[in-house]
Amino acid sequence: MHRKMLVFLGLCVVLALTAGVWGEDPAPATADPTEGATYIGEAGCKKCHIKEHRTWKKMKHCSAWDVLPEKYRTMDAVDEGTGKACISCHVTGWGEQARGGFVDPATSEHLLGVQCEACHGPGSKHRDAGQKVMDEKREGFAEGEKSFILLKTTNCADCHNPHVSHAKYKDG
């Protein structure tokens, strides 16, 4: 009898705790901090983030374009496993032409390789806020620009897919 009472009380506590959660409105979605921003390329990031740039230069992401064989550097070359253009994983700002993202190798040379903005999103607003900081002797960032966060829409698996082998593409 004592055990049944404890189980009953436990269920009542659980129900009481969850009742408030079910009745609440979901938390509002966080606004995209890169909305209205355009792609600037790694040189724009390097101006303030020298240490991070130095680290990036040693990473494979930096040379992502260089390791892509020439014959796959066109919009028509599509990965059979993902159905995406091969170059989409080797450049920054793919599919974001309206925001100044990658167009083609000649037009968008400053976006070749997987750069800062491939994960952090277009950086013009962040750069401008940083410039304001420099102009004001680094007194503080502009409202809403205290950090450069990783976009929730970024998915490393879009390019780093364990189900697709790129070994067959390396030899030509």
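Here, residues in each chain are numbered from 1, in the same order as that chain's written sequence. For a predicted model such as this one, the threshold for reporting local features is a pLDDT of at least 70, and the threshold for listing and counting side-chain atom pairs is 80 or more; totals across whole chains, interfaces and linings nevertheless cover every residue. Just so you know, side-chain values use all the structure's heavy atoms and leave hydrogens and water out.

Caption draft 1: Here's a closer look at the overall build of the protein. Each helix is a run of H or I in the DSSP string that is no shorter than four residues. Each strand is a run of E no shorter than two, and both are numbered from the N terminus. Secondary structure summary: the protein contains six helices and zero strands in total. For the protein, the sequential pattern of α-helices and β-strands runs α-α-α-α-α-α. Contacts between residues were defined by any pair of non-hydrogen atoms, one from each residue, lying within 4.5 Å. Sequence-distant contacts, at least 24 apart, represent 60% of the contacts inside the protein between residues at least 6 apart. Just so you have it, the protein exposes about 12,300 Å², and 59% of that area is on carbon and sulfur atoms. Surface exposure here means Shrake-Rupley accessible area, sampled with a 1.4 Å probe, where a residue is shielded only by the protein chains that are shown.

Caption draft 2: Broad picture of the nonpolar core. Nonpolar cores are built from buried Ala, Val, Leu, Ile, Met, Phe, Trp, Tyr and Cys residues. Side-chain atoms within 4.5 Å join them into one set. Buried means the residue's accessible area, taken with a 1.4 Å probe over protein chains only, is under 20% of the maximum for its type, while exposed means over 50%, and partly exposed covers the values in between. Membership of the largest hydrophobic core is limited to 12 residues, which are Y39, W65, L68, Y72, A77, A85, C86, I87, V91, F102, L111 and L112. Beyond its immediate stretch of four places on either side in the chain, L112 contacts W65, H90, V91, F102 and P105.

Caption draft 3: Geometry of the side chain of D79. With respect to the helices and strands, D79 occurs in the loop between α3 (50-57) and α4 (116-120). Nitrogen and oxygen atoms within 3.5 Å of one another constitute a polar contact, given that in protein one can donate a hydrogen and the other can accept it, and given that sequence-neighbouring residues count only through two side-chain atoms. At 2.7 Å, the side chain of D79 forms a polar contact with the backbone nitrogen of G81.

Caption draft 4: Expanded view of the environment of A118. Its place among the elements puts A118 in helix α4. Among the residues examined, A118 registers a relative accessible area of 30% and is labelled partly exposed. In this structure the C-alpha to C-alpha distance between A118 and V91, which are 27 residues apart in sequence, comes to 7.8 Å.

Caption draft 5: Fine view of the packing of aromatic side chains. Each Phe, Tyr or Trp ring (for Trp, its six-membered ring) is paired with any other whose centre lies within 6.5 Å, and the angle between the two planes then decides the class: stacked below 30 degrees, edge-to-face above 60, tilted in between. Taken as a whole, this structure holds two aromatic pairs when the rule is applied. Between W65 and F102, the aromatic rings sit 6.3 Å apart at their centres with planes inclined by 45°, giving tilted as the arrangement. Taken together, the residues W65 in the loop between α3 and α4 and F102 in the loop between α3 and α4 connect sequence positions 37 residues apart. No difference in accessibility class separates W65 from F102, as the two residues are buried. An aromatic cluster is built from W65, W94 and F102, whose rings are joined through pairwise contacts.

Caption draft 6: How the structure looks around the pattern of salt bridges. What counts as a salt bridge is simple: a side-chain nitrogen of Lys or Arg found within 4 Å of a carboxyl oxygen of Asp or Glu. In total, this model carries three salt bridges according to the counting rule given. Linking R73 and E70 is a salt bridge whose minimum nitrogen-to-oxygen distance equals 3.5 Å. In this structure, the salt-bridge partner of R127 is D128, at a minimum N-O distance of 3.2 Å. With relative accessibility at 36%, the residue R127 sits in the partly exposed group.

Caption draft 7: Geometry of the state of the cysteines. Any cysteine sulfur atom paired with another within 2.5 Å is treated as part of a disulfide. Within the structure shown, the criterion is met by zero disulfides. In this model C48 remains outside any disulfide bridge; the closest cysteine sulfur is found in C45, 9.1 Å from its own. On the basis of relative accessibility, which here comes to 40%, the residue C48 falls in the partly exposed class.

Caption draft 8: Focus on the confidence of the model for the protein. By definition, pLDDT measures how confident the predictor is in each residue, and it falls between 0 and 100. Overall, the predicted model of the protein reaches an average pLDDT of 78, with 64% of residues at or above 70. Here residues 137-141 is a poorly scored stretch, pLDDT under 50, and it has eight contacts once near neighbours within four places are set aside; other chains count.

Caption draft 9: Expanded view of the environment of G101. Position of G101 relative to the elements: it lies in the loop between α3 and α4. With relative accessibility at 2%, the residue G101 sits in the buried group. Residues G101 and Y39, spaced 62 residues apart in sequence, show a C-alpha to C-alpha distance of 5.7 Å. When sequence neighbours within four positions are dropped, the list of residues in contact with G101 reads Y39, T92, G93, E96, S108 and L111.

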